[in-house]
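The chain contents come next:
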Amino acid sequence: MSTRNTPNMSMYPASYELNEQGHASLAGVDLVDLAQEYGTPLYVLDEATMTQMAKAYQETLSDFYAGESLVLYAAKANLSMGLCQFVQNQQLGLDVVSGGELFTAIAAGFSAANIFFNGNNKTPEELELAFHHRVAQQGRIIVDNFYELDLLHRMALERGQVASILLRITPGIECHTHDYIKTGQTDSKFGFDISQLPEALKLITQNYSETLSLKGLHAHIGSQIFEFKPYEDLVEILLNIYYNIRQQYDGLTLTDINIGGGMGVAYTKKDSPLDVRKTYEKVTKKLQHYAEKLQFPLPRLLIEPGRSLVATAGMTLYTIGSSKKVPLGKRYVAIDGGMGDNIRPSLYQAEYCAFIANRAPKPGRVFGGKTEAVTIAGKYCESGDILIKEVQLPKPQAGDILAVLGTGAYNYSMASNYNRIPRPATVIITEGRAELLVKRETYTQLMQNDVIPKHWVSEGQVTSVGADSSGHRVQ
Ligand SMILES: Cc1ncc(COP(=O)(O)O)c(C=O)c1O
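Keep in mind that this is a model prediction, so the values were computed, not measured. (Residues numbered from 1 in each chain as written. Predicted model: local features only at pLDDT ≥ 70, side-chain atom pairs only at ≥ 80, totals over all residues.)

## Some details on the overall build of the protein
For clarity, the threshold we go by: Counting from the N terminus, the helices are DSSP H or I runs at least four residues long and the strands are E runs at least two residues long. Every radius of gyration here is taken over C-alpha atoms, with the globule rule written as 2.2 Å times N^0.38, N being the number of residues. Residues with at least 20 other C-beta atoms within 10 Å of their own are called buried, those with 12 or fewer are called exposed, and the rest are partly exposed. The C-beta atoms themselves are positioned from the backbone. By definition, residues are in contact whenever their C-beta atoms, placed on the basis of the backbone, come within 7 Å of each other.
The helix and strand tally for the protein stands at 13 helices and 23 strands. Rg of the C-alpha trace for the protein: 24 Å, near the compact-globule value of 23 Å for 475 residues, within the 12% margin. Each principal axis of the C-alpha distribution contributes one length, and for the protein these read about 70 × 65 × 45 Å. Taking all 475 residues of the protein together, 45% fall into the buried category. For the protein, the share of sequence-separated contacts (at least 6 apart) that also reach a separation of at least 24 residues comes to 71%.

Next comes the structure, spelled out in structure tokens:
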């Protein structure tokens, strides 16, 4: 096994290089050329980074864990049909949280047995979809609360089927990047509190035994986690519960243990994420040690990384437009995207790093040459649409291509059409070539679900304007 650090620890995608023109490139593809060919804003994903991360997770579990294991990609980080195919090719499973994610996976040919359905308020229609595509029977429904337990039981009964389930619990561990606390009480919209488990288990074993097959427990303790200790604590807490369940419920032996996702990535130099291999080596050892101590058969270990599988692989390319200096001295540089394609800075003050792709830095360095501190402003009509509060850039000018690092996770998947701006395309870079994963939205697509009530339209009025596929008006 390689001793190199896993890519989530770096701000740059694995195949990033500075080429002879002084341009940023990924796997030999010039990002300035790419911006010209596909337009901006443009999401770019580096396949080498994603593959290295997927392999790091998988190899670590298979090298260090003696039981069965499965790495599930948390689809919420970034999902499209193409990414489903990539995930399937890597032999990962998929964690979905909505009918839309589930439908995308099924449409892409994803195997139902490897789909896990999470979420705190799955609707009857979404669960129906899960039964219809055999995700409920062959994959897993991760049941979040008593309402869902009852709903699923009734739906399974109606269909004469058995649903395979995990129960999501809140284990009393809260993580926030660098610190975590263990609490007796939990205050979360997700999952069963540990104190509610006996009641849930009683229902499952006594009332729902013909319709629900309990396979294990699930817990997700947070995101952008920079410590391994909370995961070690988590496996201990969960395995203790498994042991007690076996003692108290007639030998009921849970066979799946899902410890969620949450591994951190480096968005800026301030971040110090963990090496995936080292972390899961420790966690699996702890789990095995504890299982041996309790004489409990090793369950199938499931983990659900989202961000760490794709964030570092991603960059967003923008074209710089207007810029201005305010009287207090700050310089605003505006780009042709913003909160519609990356809501994270406005939503929760997420920080990003950027550089100018046509005057790019050497790998590992963000700023080359003489620079000035600027604020990167989006083009959306909100004062809060600030992508980066302060970044050092070498004299940005209109027409420069700005590359924002670490945008592979929770950017495209959280994108909106605010201000009726079409969402960007995504291209994947693989060994010297770029291919579309998601096409750029067009103005026509923005209107495709619009309906003008008939009584508002006067006779003879023309209500549609032609648009070409790029969204530009055609007269
Ligand atoms: C249940 C669950 N699993 C997995 C994830 C993925 O977390 P991350 O992207 O931090 O790895 C999340 C993220 O919110 C989650 O809620």
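## Regarding the site of the ligand
Inclusion rule: Each residue gets a C-beta atom placed from its backbone. If that atom is within 6 Å of a molecule or strand, the residue is near it. Residue classes follow a fixed rule: Ala, Val, Leu, Ile, Met, Phe, Trp, Tyr, Cys and Pro count as nonpolar, while Asp, Glu, Lys and Arg count as charged, and any other residue, Gly among them, counts as polar.
Near the ligand lie 15 residues; those nearest to it are Ala74, Ser223, Gly261, Gly306 and Arg307. Considered class by class, the residues forming the shell around the ligand number four nonpolar, eight polar and three charged.

## Some points on the sheet that holds strand S1 (residues 16-18)
Quick note on the threshold: Between any two strands, at least two bridges found by DSSP are needed for them to pair.
Taken in spatial order, the three strands of this open sheet run S1-S2-S3, and their pairing is antiparallel. Of all strands in the sheet, those with a lone pairing partner are S1 and strand S3 (29-30), marking the two edges. As defined by bridge partners, strand S2 (residues 24-26) adjoins S3 across two bridges and the pair is classed as antiparallel. The residue bridging Leu26 from the neighbouring strand is Val29, located in S3.

## Considering the environment of Gly329
One can find Gly329 in the loop between strand S16 (314-325) and strand S17 (331-335). With 26 residues separating them in the primary sequence, Gly329 and Phe355 have C-alpha atoms 21 Å apart.

## Overview of the nonpolar core
The line we're drawing: For this entry, the nonpolar core is defined as buried Ala, Val, Leu, Ile, Met, Phe, Trp, Tyr and Cys residues connected by C-beta atoms within 7 Å.
Formed by 132 residues in total, the largest nonpolar core has its most connected members in Leu31, Val44, Leu317, Ala354 and Ala403. Residue contributions to this core peak at eight residues, all from helix H9 (residues 229-248). Apart from residues no more than four positions distant in its own chain, Leu317 is found in contact with Leu31, Leu34, Ala35, Thr40, Pro41, Leu42, Val44, Ala357, Ile401 and Ala403.

## Regarding unusual backbone geometry
Note the cis peptide between Thr40 and Pro41, where omega equals -10 degrees. When you line up the elements, Pro41 lands in the loop between helix H1 (31-38) and strand S4 (42-46). A positive phi angle, near 45 degrees, is found at Ala27, a position not held by glycine. Here Ala27 lies in the loop between S2 and S3. Judged by local crowding, Ala27 falls into the partly exposed class, with 19 C-beta atoms found within 10 Å. The phi dihedral of Lys395 falls on the positive side, at around 30 degrees, and the residue is not glycine. Positionally, Lys395 belongs in the loop between strand S20 (386-393) and strand S21 (401-405).

## Focus: helix H7 (residues 146-159)
Selection criterion: The length a helix should cover is 1.5 Å for every residue beyond the first.
Compared with the 20 Å implied by 1.5 Å per residue over 14 residues, the 20 Å span of H7 between its first and last C-alpha is a close match. Looking at the packing, one finds that the buried side of H7 touches helix H5 (124-132), strand S8 (140-143), strand S9 (163-170), helix H8 (197-207) and strand S13 (212-218). Looking one or two places after H7, you find Gly160, whose phi comes out positive at around 60 degrees.

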